[in-house]
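Structure assessment
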Amino acid sequence: MSDRTIKKRFEKHVISKDNCWLTDLWCNDKGYPKISLNKKRINASRVSFQLYKGEIPEGIFVCHKCDNPSCVNPEHLFLGTHKENMRDMVEKGRSNKGSKNPQSKLTEKEVFQIKALLLETNLTVERISILFEVSRRTIGYIKQNNIWKHVNCVANSSFSNTSTDRNKNNNRNNNRNGNRQKSLEWEQLSLFD
Ligand SMILES: [Zn+2]
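This write-up is about the structure you can find in this document. All figures in this text were calculated on a predicted structure; none of them were measured in a lab. (Residues numbered from 1 in each chain as written. Predicted model: local features only at pLDDT ≥ 70, side-chain atom pairs only at ≥ 80, totals over all residues. Heavy atoms only, no water.)

1. Comments concerning the coordination of the zinc ion
- On the protein side, the zinc ion has Cys20 (SG), Cys66 (SG), Cys71 (SG) and His76 (ND1) as donor atoms, found 2.0 to 2.3 Å from it.
- Mapped onto the polypeptide sequence, the residues donating to the zinc ion form the spacing pattern C-x45-C-x4-C-x4-H. Taken together, the residues Cys20 in the loop between β1 (14-16) and β2 (22-23) and Cys71 in the loop between β5 (61-64) and β6 (77-80) connect sequence positions 51 residues apart. Assigned by exposure class, Cys20 and Cys71 land together as buried. (Donors = N, O, S within 2.8 Å, 3.2 Å for Na, K, Ca; no water. Helix = DSSP H or I, 4+ residues; strand = E, 2+ residues; numbered from the N terminus. Buried < 20%, exposed > 50% of the residue type's maximum accessible area, 1.4 Å probe, protein only.)

2. A look at the environment of Gln144
- Relative to the helices and strands, Gln144 is located in the loop between α6 (136-143) and α7 (163-174).
- Reaching out from Gln144, the side chain makes a polar contact with the side chain of Asn146 at a distance of 3.0 Å. (Polar contact = N/O pair within 3.5 Å; in protein donor to acceptor, adjacent residues only side chain to side chain.)

3. Focus: the packing of aromatic side chains
- Overall, the coordinates contain 2 aromatic pairs when judged by the stated rule.
- Taken together, a centroid distance of 5.5 Å and an interplanar angle of 90° make the contact between Trp21 and Tyr52 edge-to-face. Separated by 31 residues along the polypeptide, Trp21 in the loop between β1 and β2 and Tyr52 in helix α2 (residues 44-52) bring together distant segments of the chain.
- Using a relative accessible area of 26% as the deciding quantity, one classes Tyr52 as partly exposed.
- Each residue in the set Phe10, Trp21 and Tyr52 is aromatic and connected to the rest through ring pairs, giving one cluster.
- In this structure, Lys17 is placed above the aromatic ring of Trp21, and the distance from its NZ or CZ to the ring centre is 4.2 Å. (Phe/Tyr/Trp six-rings, centres within 6.5 Å; stacked < 30°, edge-to-face > 60°. Lys NZ or Arg CZ within 6 Å of the ring centre and 35° of its normal.)

Dropping the structure here:
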C-alpha cells in the first residue's frame, strides 16, 4: 500500500479539523482511534505522524500534546524520546525472565520505554498506562522500582527512591554476566495483573 493510498484512506476518516482533528474511526476503550491497514489495526495517531511528519523510529511512541486521545492532528503529536545509550544498556542487560512469564503483559523493551518516559517526559502514570494498555498500578510499581528491577535505563538513574536501591542496581549491573541473583519479582508480578 503506497503512502498516497494510505493518506487518501486516512483523510477520508478525518471528519473535523477544528484545532484537534477528529475521525469517524473505531476507537479502543481508551479512546484511541484505530485505522485498518493491511488487515492490521494501527493507532491512527501513528499513521498521522508518519504521513505528515515522517518516520517513527522503532520503539518510539507518538504522544499527544493536546491530551486528547481521539485527536490525530499531526501538529498535536510528538515523539516520546529516549537516549540511545539507555536502549543499548537495556539490550545488553536483557534476560529471559519477565516477558516469558505468561502472566506478564509487558516485555523488557516496553518496560525500558516506560522507564524512559517516566524519566524524560512529563507524561503522567495514567497517560503511560493508557499508552501501554496496562493498569496504572503496574506503571506505579515500575516507577517505584518494585517490579522489573532488572531493566535499568541508566546506571545512575533516579528510578530508585533511595541510594540503597541505587547501589543494589549498580551491583546488579556489575553482576550482569555472572550469576545474577534470582529474585521473586516475576512471581510477584503475576499477582498484580
Ligand atoms: Zn489535538
